[in-house]
Amino acid sequence: MCFKLSFSTWIMDLAFGFLSNLSRFVFINCTAVSLFCLYLCFWFCFAGFYPLAFGVVDSETEENWTWFLQHLASILLPMGRVVTFFSDRNQGLLNAMGFVFPGWPHSYCYYHLKQNLISKYPKSGYGKLLQDRVINLFSRCAYAVTEEEFKVAMEELVIVGSSKVKAFISDLSRDHYANAFFKGMRYGEMANSLAESFNNWVGVFRDLPVLPLIEGIRQKLMVLNSQRRFEAEKWTTVLCPEMETRLCENAEAGRTWAVRRSNSTVFEVFADYSVMVDLEQRTCSCRLWQIDGFPCTHAVAAILAKRDSVYDYVECYYKTDFFRKAYESPIFPIPDIGKGLGSNGSAAGVVLPPITKRPAGRPPTKRIKVFGEFKRPLKCSRCSVAGHNRKTCKAII
């Protein structure tokens, strides 16, 4: 497996310098490319995704996931920081994750869980009505911020969904999908949508051989890195623009709330209901501050009542300076000129691809959609009827 070893070294050289300036939230995914599988790993970034590492393997297996995560561990473990992983429930990945990163927070993608649950009910008639009700209750379980709220929603879900829901949740640990029990920070993310964004972003290289595929991804990363570096130079806010807007909205929402001081750092905030805010521990009894890592409306009201700077209570990952440091190191070009040629006229040091067996039929060109995923139907902007567009519309207006 010389291809794996050669490629992992390039990953470590590229990523090591950036880690100290990135968040503690990592997405992991696998996508099919040509005859191989592309393993992806990138950081959660408040202006999109930040690709960290990728590797090409012959298939998605526990052995290959273990290899990929072990090289990733060689980068993360020396940093002395625990990160939260976000992925689907591929069994090989779950086994490898437990072996390489035991005890580290691992969040399951809510969207994939929802689609798995949808598949257990008919798509029409009463089954569709029951399906919608079950998904609504499961959503309440996943997004519940307190254990009491989760318990009420789960009891109703089990009653409505009966044996199918019981079988589904029996194999699903609540520590991996429910906000009320999750051990790490999700920064407001519940679905692995960034992984799908990256899949589409590199889709143009999907049919290329391995080396052109890697080179194409490197070039896109180089351009992306440069664009975001120049974009961040124009920002004038303390936080990234999106988070600055969110902070202002939180401050405005709690502007009229009554705030009572208990001691130097503990406050009681009276909104629709009363909550306790501890500024020293950076906690709120609504638990949104602990889950998102960003001051909730109650926390902002307490901070302003104390006349402190709100920015002092915001994690550094949300700040503009932190974002700029993440992109200050450029990805340099790798020119072909100057590379020696081998005896057969090809470039020296060619990395051979992994040995693989070509499957029957034509290679797939499109990503395989998960169950329940569908394409948005075409809708006419003239008559608002689905099935045709404005140009072919024959409706009388």
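Please refer to the structure higher up on the page.
Notes on the structure follow. All figures in this text were calculated on a predicted structure; none of them were measured in a lab. (Residues numbered from 1 in each chain as written. Predicted model: local features only at pLDDT ≥ 70, side-chain atom pairs only at ≥ 80, totals over all residues. Heavy atoms only, no water.)

### As for the pairing of strand β7 (residues 266-270)
In step 1: Pairing geometry for strand β6 (residues 258-261) and β7, over four bridges, is antiparallel. Considered in β7, the bridge of Val-259 is made with Val-269.
In step 2: Between the antiparallel neighbours β7 and strand β8 (residues 274-278) lie three residues. (Pairing = 2+ DSSP bridges. Helix = DSSP H or I, 4+ residues; strand = E, 2+ residues; numbered from the N terminus.)

### Considerations on the pattern of salt bridges
In step 1: Under the definition given, this model contains seven salt bridges.
In step 2: One salt bridge in this structure joins Glu-156 and Arg-140, with 3.5 Å as the shortest N-O distance. Placement of the pair is Glu-156 in helix α6 (residues 147-170) and Arg-140 in helix α5 (residues 126-143), with a sequence separation of 16 residues.
In step 3: With a relative accessible area of 25%, Glu-156 lands in the partly exposed category.
In step 4: Judged by relative accessible area, Arg-140 falls into the partly exposed class, the value being 36%.
In step 5: Across the pair Arg-324 and Asp-321 runs a salt bridge, and its minimum N-O distance is 3.6 Å. In this pair, Arg-324 and Asp-321 both sit in helix α12 (residues 320-326), three residues apart, roughly one turn of the helix.
In step 6: Shared partners join several salt bridges into a network, and the residues in it are Arg-133, Arg-140 and Glu-156. (Salt bridge = Lys/Arg side-chain N within 4 Å of Asp/Glu carboxyl O. Buried < 20%, exposed > 50% of the residue type's maximum accessible area, 1.4 Å probe, protein only.)

### Description of the sheet that holds β6
Across a sheet, paired strands are connected by hydrogen bonds in the backbone, their directions being either parallel or antiparallel.
In step 1: In spatial order, the strands read β6-β7-β8-β9; together these four strands make up an open sheet with antiparallel pairing. Here the strands that pair on one side only, and so sit at the sheet edges, are β6 and β9 (283-284).
In step 2: Against the sheet, helix α11 (residues 297-306) touches β6, β7, β8 and β9, its axis set at about 120° to β7. (Contact = heavy atoms within 4.5 Å. Axes fitted to C-alpha atoms, helices over the stretch in contact; angles between N-to-C directions.)

### A look at unusual backbone geometry
In step 1: Not every positive phi belongs to a glycine, and Arg-307 is a case in point at roughly 65°.
In step 2: Residue position: Arg-307 is located in the loop between α11 and α12.
In step 3: Accessibility expressed as a relative area gives 75% for Arg-307, which makes it exposed.
In step 4: The backbone of Ser-384 shows a phi angle near 65°, a positive value even though the residue is not glycine.
In step 5: By the secondary structure assignment, Ser-384 is in the segment after α12.

### A few points about the nonpolar core
In globular proteins that are soluble, nonpolar side chains generally tend to be buried together.
In step 1: If you look at the biggest cluster of nonpolar residues, it comprises 37 residues, and the most contacted ones within it are Leu-239, Val-277, Leu-279, Cys-284, Trp-289, Phe-294 and Tyr-318.
In step 2: When residues of this core are traced back to their parent elements, those giving at least two are β1 (25-33), α9 (241-253), β7, β8, α11 and α12.
In step 3: Once residues within four sequence positions are removed from consideration, Trp-289 is found in contact with Val-277, Asp-278, Leu-279, Arg-282, Thr-283, Cys-284, Phe-294, Pro-295, Cys-296, Ala-299 and Tyr-313.
In step 4: Core analysis: the next-biggest nonpolar cluster, separate from the first, contains 28 residues, Ile-135, Ala-144, Val-165 and Phe-181 among them. (Core = buried A, V, L, I, M, F, W, Y, C linked by side-chain atoms within 4.5 Å.)

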